[in-house]
Structures are given as structure tokens and as C-alpha cells.
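Coordinate inspection notes
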Amino acid sequence: MTELTAKPKSAPKVSFVSLGCPKALVDSERIITRLRAEGYELTRAHDGADVVVVNTCGFLDSAKAESLDAIGKGLSENGRVIVTGCMGAEPEQIRERFPDVLSITGPQAYESVMQAVHAAVPPAHDPFLDLVPPQGVKLTPRHYAYLKISEGCSNRCSFCIIPKLRGDLVSRPAGDVLREAERLVKAGVKELLVISQDTSAYGVDLKYAESGFADRQVRAKFLDLARELGDLGAWVRLHYVYPYPHVDEVIQLMADGKILPYLDIPFQHASPSVLKAMKRPAHQEKTLDRIRSWKEAAPDLAIRSTFIVGFPGETEDDFQFLLDWLTEAKLDRVGCFKYEAVRGAPANALEGAVPEEVKTQRWNRFMQHQQAIADRLQRARVGRRVPVIIDEVGPTVSKGRTKWDAPEIDGVTYVASRRPLRVGEIVTVKIERAGAYDLHGVAVS
Ligand code: SF4
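So, here's what we can say about the structure. (Residues numbered from 1 in each chain as written. Predicted model: local features only at pLDDT ≥ 70, side-chain atom pairs only at ≥ 80, totals over all residues.)

1. Here we look at the site of the ligand
- Taken together, Cys153, Asn155, Arg156, Cys157, Cys160, Ile162, Pro163, Gln197, Asp198 and Pro281 form the complete shell of residues around the ligand.
- Taken together, the residues that form the shell around the ligand break down as six nonpolar, two polar and two charged. (Near = placed C-beta within 6 Å. Nonpolar A, V, L, I, M, F, W, Y, C, P; charged D, E, K, R; others polar.)

2. Thoughts on the sheet that holds strand E2 (residues 41-43)
- Spatially, the five strands line up as an open sheet ordered E2-E1-E3-E4-E5, and their pairing is parallel. Each edge of the sheet is formed by a strand with only one pairing partner; in this case those strands are E2 and strand E5 (103-104).
- One ladder, built from five bridges, connects strand E3 (residues 51-56) with strand E4 (residues 81-85); its direction is parallel. Note that in E4 the partner of valine 52 across the bridge is valine 81.
- Together, strand E1 (13-18), E3 and E4 form the strand contacts of helix H3 (residues 61-77), whose direction differs from that of E3 by roughly 180°.
- Strands in contact with helix H5 (residues 110-120) are E1, E3, E4 and E5; relative to E4, the strand with the most contacts, it is inclined by about 175°. (Pairing = 2+ DSSP bridges. Helix = DSSP H or I, 4+ residues; strand = E, 2+ residues; numbered from the N terminus. Contact = placed C-beta atoms within 7 Å. Axes fitted to C-alpha atoms, helices over the stretch in contact; angles between N-to-C directions.)

3. Considering helix H9 (residues 247-255)
- Those residues of H9 that fall on the buried side of the exposure criterion are Val247, Val250, Ile251, Leu253 and Met254. Projection of H9 onto a plane perpendicular to its axis shows the buried side chains occupying an angular sector of 155°, all on one side.
- At its buried positions, H9 is contacted by helix H8 (222-230) and helix H11 (287-297).
- Two residues or fewer past H9, glycine 257 is found with a positive phi of approximately 75°. (Buried ≥ 20, exposed ≤ 12 C-beta atoms within 10 Å, placed from the backbone. Arc of directions from axis to C-beta.)

4. Observations regarding the pairing of strand E9 (residues 191-195)
- Among the five residues in E9, five count as buried, and that is most of the element.
- Because side chains alternate across E9, one face comprises the buried residues Glu191, Leu193 and Ile195, and the other comprises Leu192 and Val194, equally buried.
- When strand E6 (residues 144-148) meets E9, the two strands line up parallel, connected through five bridges. Bridging across to E9, lysine 148 finds its partner in isoleucine 195.
- Pairing between E9 and strand E12 (residues 235-238): four bridges, direction parallel.

5. A few points about the packing of helix H12 (residues 316-329) against helix H13 (residues 356-379)
- Where H12 contacts H13, the axes come no closer than 10 Å and their chain directions differ by 15°. In terms of axis orientation, H12 runs roughly parallel to H13. The interaxial crossing formed by H12 with H13 has right-handed handedness. Note on element contacts: H13 touches H12 through Arg362, His369, Gln370 and Ile373, opposite Phe319, Leu323, Leu326 and Thr327.
- Partitioned by chemical class, the residues of the contact of H12 with H13 number four nonpolar, three polar and one charged. (Parallel < 35°, antiparallel > 145°, perpendicular 65-115°, else oblique. Left-handed = near helix turned anticlockwise from the far one by under 90°.)

Shape is all these values report; function is a separate question.
Following this line, the structure appears as C-alpha cells:
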């Protein structure tokens, strides 16, 4: 009787700050799931928490500055701070400025983060508090989830320090990935966003080894994984794919409606000499032919990409080559960055730095050029009836996304509807108007 009436011990509180890219978000979700499973309570305020965990991003100098600010805020408002994530791979930068942080670990160091939390504030084990949904805790809304299929990267792009921070590619066995995906779908997730540093290289490190899932063996291979994911009944969206030859096989799954006709390929440039200096994986001169043949096989395919202008050694001819290439490639969604040196990246030693004003000029020309291309593609969608997944509901107009738009990085579709819509619902929408990025339409189902 005493046990039933005794006031439960209050759970230790952790204030968690998650910075960085979707890959870091997945790390945060895993740590938070473990914390919740062990009975820790998550709080938004540093003040009153027993400890603060900051999952940092260390890619660009601006992201590092944001991470350092977050650590400083944690220390001033709470005093007990555990640091993890990409920036934790270079602990001296953090220790120099904040010698009092409790511990610093690199990315994916889940066990070390948990040990540091245990040392700072031991778990109050209580089976009544330790409830965690079997699919884990997700920081993204319930209807979509990021699915990380591998860690690290075995490429060595000259502007990038991710392999140094995260190590070489380590793929998860296909069975593990599929079980996680299945749990998420059973818990109500309607869209799986497949992420990694190099999705198309999935399984290379495992020599495509088979592992068990349900009643069968599945190879750790990009095509096999995509096919199995496509059978789970949710939208499947592929991010960070490089145009290796075997990507052609996955296009057929898109044409068959198994996975979304969407490819996120960070091309970064088109000029062969710049790509060579960037040391990009899978770059080849026939990429435009490949894109054409993909669109023939899957006419609805949308390609999103990012580019860097002003890379060291980029000439006006290289840049013009890129603009002409964009005209031919007709990419749907494009982001562009001015080259920014990343501390520790080999590209810093390259000659031919492009002056800042030239970078800005090229960036403006790039954006204008691509805008005209994207406008034409957007307008071609007016009048079509397409499925839209609802992200946010409003009294008369809700916000959703077509299969051509990934959350957070692409455009949205504003959906007028007579009947109330639900978050996560997939509704047929007649597109009536197209803006530069967004679409507007009316629900017809
Ligand atoms: S593919 Fe290149 S840019 Fe991407 S993580 Fe690997 S090394 Fe970095």
C-alpha cells in the first residue's frame, strides 16, 4: 500500500538544445529517447533543469558561433552543461572558451552522452515514469520522421570536414533500418525522410551483407532498401543521393509509385574543373544525359540540389558553364551558397580565391537564372490534381506539401478546404496558382 500512495520521486530534468542539420536532429532524437526511457524529464528552460545538453553543429563558422552561444547560455543560466555533436569532435575550441563544461563528446556518441548525464544527475529509476513510446521520441511532427541509414562518409570533398568529424561511412544493417521504419509507420508516421551523408553509397562498407527483416533476408543495398521501404505504405523521400550509376535502378521504383519521385542530389557545381577541385563523388560529364533519361523514365521526378559559387579557382567560364548546365538540367528546387572557407578543409589551400564581390555578383546571377527556370516548372503544375500531405491545419486554409517538396527545405502548398483537414492526412488538391516557391490549391477529396 505504501508504494501506491507514496508521492513519486520527481524525475531529474534535462534541458536539451538541438542545433544543426537533420542528421544531427536524428542524433538528438536518439539521445532524448534514451533519456525518456530512463525516466528523465525534458524541459525547455535551462533554469531549474538539473543539467543542460547541447547537441552542436560544427560545419560552418556561423554554425560554430551559434553552438558556442548556446553553450554559453547554458552555462550562464544553469551552470552544468554537457556538449555533444559535430563541434564536440574538436573539443579544444570549446574548452578554450568554456573550461567548465562537464563533458564534450563528438557526434553519434550516444553512450558517452548518457554516461555524462548519469554522472551529472543519476536517473531516478521508476517504471511508472519510464514510459517511452516504442517508436522512440521524435522532434519532428508526428507524421514525418527522418530515418538515418548510415553515419559518416568515405568521400573526401575538398571543402568538407564531415569525414574528419564523423569518420568513414558506417551503414546500419538493412534489418535494423527497416525495423525502425516499420515501428515509425505503425506509430502513425506517413512520410519517411531517408538521410545520411551519402545515401547512394549505403551498404558499401558492409559489402551489401544481408540481414533479417520479417521473414526474409534483405541486402544492405540502396535499391533493396528503397524497395523494402516503399512497401511499408508511407511516403519515402530520398535525401543526399549522388548520381552513381545504380541510382538509375531506383528511378524505376519512383516511376512505379513505390517511393516519391524526388531526388535530393547536392551537385554543388557543373564545371568539370571545379568539380575536380572539389573532389566530388560520382561526378561525370554525362550527368545531363542521366537527368534526361531519369525524367523520361519518371516524368514526375523533382530534383532538388545545392550549389556553391565562388569556389577557389572558379573562372567566369566555369560559372557560365554552370548557368548553361542549369538551363538544360531544369532542376525543380535549388539552393545556392557563396563559398565559405571551413576551418580544417583542404580547399583552404587551393589557389585562385574568388573576391567577395564577385561571389556576391555570381550568387545574384545564379539566383535570377534559376528563378526563371523554377517559375516555369511551377507554372506547369497549375491545373493538376496531386496528393498533398497536410503539415499544419488552419480554419480555412491549411499548409501541406506535394511529393515534390521536402519539409523545411522546399516550398509548401496552401490548401483551401470546406471540410476540416487533419495533420498527416494525404488529400488530393487541385493546384490553382503557383508562386515562386509555393503552390495554392483547393482540396478535392
Ligand atoms: S559527400 Fe563530400 S560533402 Fe558530403 S559529407 Fe562526404 S565529404 Fe562531405
